[in-house]
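# Structural characterization, general
The lines below spell out each chain.
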Amino acid sequence: MTARLGSFLIYASILALAPIGHALAGPAPRQVSIHVDSVLAADTHEGVDARLAPLGRKLQGLFAYTTYSLVSHQDGITECGKMIAFMLPGGKILHIQPRAVDGDMIAMEIVLFDGTRPMMTTDLKLKDNGTLIVGGPRYEQGMLIISIGASTGTHVAPPREKIEIPAEATTP
Amino acid sequence: MAECSEISLLLGAFDDSELEPNEMQEVAHHLARCDSCTAMLADYSTIGRGLRTIAPEPMLAGFATAVTVRIDALPQPLSQRIARWWRGLGDVFGSGFAWGTGAVAIAVLTILLTTPFAERYASRRLAPASSAVSHEVAKLEQGAAAVPEALAQRDSGTRAVMAEDSQAIISRLEAEMPSVAVWSEPQSDTTVIWLPDQP
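Residues numbered from 1 in each chain as written. Chains lettered and ligands numbered in written order. Predicted model: local features only at pLDDT ≥ 70, side-chain atom pairs only at ≥ 80, totals over all residues. Heavy atoms only, no water.

### Focus on the sheet that holds strand β4 (residues 190-194) of chain B
Cut-off, in case you're wondering: A strand pair is defined by DSSP finding two or more bridges across the two strands. Secondary structure elements follow DSSP: runs of H or I no shorter than four residues count as helices, runs of E no shorter than two count as strands, and numbering proceeds from the N terminus.
Strand order in the open sheet formed by 7 strands is β2(A)-β3(A)-β1(A)-β9(A)-β8(A)-β4(B)-β3(B), with mixed pairing between adjacent strands. Single-partner strands in this sheet number two, and they are β2 (47-48) of chain A together with β3 (181-185) of chain B. In this sheet, β4(B) lies alongside strand β8 (residues 130-139) of chain A in parallel orientation, the contact comprising 5 bridges. Note that in β4(B) the partner of A:V134 across the bridge is B:I193.

### Things to note about the nonpolar core
Condition: Side-chain atoms within 4.5 Å are what join buried Ala, Val, Leu, Ile, Met, Phe, Trp, Tyr and Cys residues into a set we call a nonpolar core. Partly exposed residues are those whose accessible area sits between 20% and 50% of the maximum for their type, while under 20% is buried and over 50% is exposed, using a 1.4 Å probe and protein chains only.
In terms of nonpolar packing, the biggest core is built from 36 residues, with A:L94, A:I96 and B:I193 touching the most fellow members. Where this core is concerned, the elements lending two or more residues are β1 (31-42), β4 (84-87), β5 (92-102), β6 (105-114), β7 (117-127), β8 and β9 (142-151) of chain A together with β2 (168-175) of chain B. Formed by 17 residues, the second largest nonpolar core is a distinct cluster that contains A:L59, A:L62, A:Y65 and A:L70.

### Things to note about the confidence of the model for chain A
Put simply, the rule is: Residue-level confidence of the predictor is what pLDDT reports, using numbers from 0 through 100. Any pair of residues with heavy atoms lying within 4.5 Å of one another is described as a contacting pair.
Residues with a pLDDT of 70 or more make up 72% of chain A, whose mean pLDDT is 79. Low pLDDT (under 50) marks residues 167-172 of chain A, which in the prediction has 11 contacts with non-local residues, meaning those over four places away or in another chain.

### Description of the pairing of strand β3 (residues 67-79) of chain A
Residues and elements named next belong to chain A. Sheet topology note: the β1/β3 ladder contains 12 bridges and is antiparallel. Paired with S38 across the strands is S72, a residue of β3. Pairing analysis gives 2 bridges linking β2 to β3, with the strands arranged parallel. Looking at β3, one finds that G47 is bridged to T67.

### Digging into a nonpolar patch on the surface
We count it as follows: A patch consists of residues exposed above 30% relative accessible area that lack any salt bridge, with like charges linked at up to 9 Å and nonpolar side chains (Val, Leu, Ile, Met, Phe, Trp, Tyr) linked at up to 5 Å. In these tables, accessible area is a Shrake-Rupley quantity obtained with a 1.4 Å probe, and a residue counts as shielded only by the protein chains included in the view. A carboxyl oxygen of Asp or Glu within 4 Å of a side-chain nitrogen of Lys or Arg is what we treat as a salt bridge.
Together, B:L60, B:F63, B:V67, B:I71 and B:L74 line one region of the surface with nonpolar side chains, adding up to about 500 Å² of accessible area. Along the chain, B:L60 turns up in the loop between α3 (35-54) and α4 (63-73).

### Brief notes about α3(B)
All names here are of chain B. The line we're drawing: To estimate how far a helix should reach, multiply one less than its number of residues by 1.5 Å. By construction, the arc corresponds to the directions joining the helix axis to the C-beta atoms.
Here α3 spans 29 Å end to end across 20 residues, near enough to the 28 Å set by a 1.5 Å rise per residue. Where α3 is concerned, the buried positions are C37, L41, S45 and G48. Seen end-on, α3 carries its buried residues on one side only, within an arc spanning 85°. When the buried face of α3 is taken as reference, the exposed residues oriented beyond 90 degrees from it are D35, I47, T53 and I54. The secondary structure elements touched by the buried residues of α3 are α1 (4-15) and α2 (21-33).

### Here we look at helix α2 (residues 55-62) of chain A
Residues and elements named next belong to chain A. If you check which residues of α2 are buried, you get L55, G56, L59 and L62. Summarising the axial view, the buried residues of α2 lie within an arc of 125°, below the 170-degree limit, and thus occupy one face. Exposed and facing more than 90 degrees away from the buried side of α2 are R57 and G61.

### Concerning the confidence of the model for chain B
Residues and elements named next belong to chain B. Overall, the prediction assigns chain B a mean pLDDT of 73, with 70% of residues at 70 or greater. Mean pLDDT in chain B bottoms out at strand β1 (residues 133-135), which sits at 38, and peaks at α2, which reaches 91. Confidence drops under a pLDDT of 50 for residues 125-165, and excluding neighbours within four residues, the segment shows 101 contacts in the predicted structure.

### What about the pattern of salt bridges?
Residue and element names in this part refer to chain A. This model, assessed by the stated rule, comprises 13 salt bridges over all chains. Ionic pairing is found between D114 and K92, a salt bridge with its closest N-O pair at 3.6 Å. Here D114 is found in strand β6, whereas its partner K92 is found in strand β5, with 22 residues between them in sequence. By relative accessible area, K92 is classed as buried at 7%. A salt bridge links D114 to R117, with the nearest nitrogen and oxygen atoms 2.8 Å apart.

### Focus on the packing of α1(B) against α3(B)
All names here are of chain B. Condition: For helices, the fitted axis covers only the stretch in contact; all axes are lines through C-alpha atoms, and the angles between them, taken along N-to-C directions, range from 0 to 180 degrees. If an angle is under 35 degrees, it is roughly parallel; if it is over 145, roughly antiparallel; if it lies from 65 to 115, roughly perpendicular; otherwise it is oblique. Crossing chirality is assigned from the near helix's rotation relative to the far helix, an anticlockwise turn below a right angle marking it left-handed and a clockwise turn marking it right-handed. Residues were grouped as follows: Ala, Val, Leu, Ile, Met, Phe, Trp, Tyr, Cys and Pro as nonpolar; Asp, Glu, Lys and Arg as charged; and all remaining residues, including Gly, as polar.
Look at α1 against α3: their axes get within 10 Å of each other, and the N-to-C directions meet at 30°. The angle between α1 and α3 falls in the class roughly parallel. Of the two possible hands of crossing, α1 and α3 adopt the one that is right-handed. When α1 is examined against α3, the residues C4, I7, S8, L11, G12, F14 and D15 are found in contact with a partner set consisting of S36, C37, M40, L41, Y44 and S45. Tallied by class, residues from the contact of α1 with α3 come to 8 nonpolar, 4 polar and 1 charged.

Written out as structure tokens, the structure reads:
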């Protein structure tokens, strides 16, 4: 009787500790696709760059600028725990490090540098295939808006033409 | 054959039945033939009965209970107290039920208390510290679709709430500028962090 009760107690303890072990062990590294669009937003009444669809409509719903021009589009693939860097216009540098995939949320750290100086650091969970927009830095005659998209591969973004950053724009 | 001088030394113990069986038998055989020792034994018996009537007998009523109470009052180690409580629980509910209930309680408490911390520990890593102004934004405000010019004036330290169907949950936000606007646009499934450019 005592032996059976002891066995039951051990089994219950294992059941109780299993989620902890699973959480501590963590899931296997998963690949995360990152898409970064750099957009110049200005009030020069030039409309929306055709290459921005459907991001252009999203930006028009968010902001009141009259011009949205795609400056660069970059894609990258990394995995949880590995940082990926993007060179952005205006000497900005974007570091993105996915940390974990929790359901349909991707936990990541994002650091935006102005040259070597960190402008912004954030820890967030972004929905799979969701979009985070970081804007505000002045760029040329307007503002720089950075659209950051992340997906784990189950949602495939439509292929887009890669646009390199102008050489003068990458100089800090 | 024992002499009376030897037997007389054993008479008191014989009267109290404290002798060994062989000594009891020897004294009994001697008494059957010796009147003087028999008379001496009778005297011993008389004196013994007299003494017993003189000496008061201690009151033993409640003695066992009093001893038990004093034992219980003695300080006991925690392990013994827990074991005694456990035995008492087993007496009341049955041993199997008590063990099962205890195991389930331990399992539930372990899950409730440790799993969130373990998950948080596994999913959380410290980011490098920044000397810039720290903005703790736990969650974003649901449906806060507003123009950036207005939100740029918002105090960046404001805590807001984000709906479960929002696109991002921001747990930490540090920026070098003193004010940062953060909002969510559910219609376009987009979260915005606006960093006003400094002059």
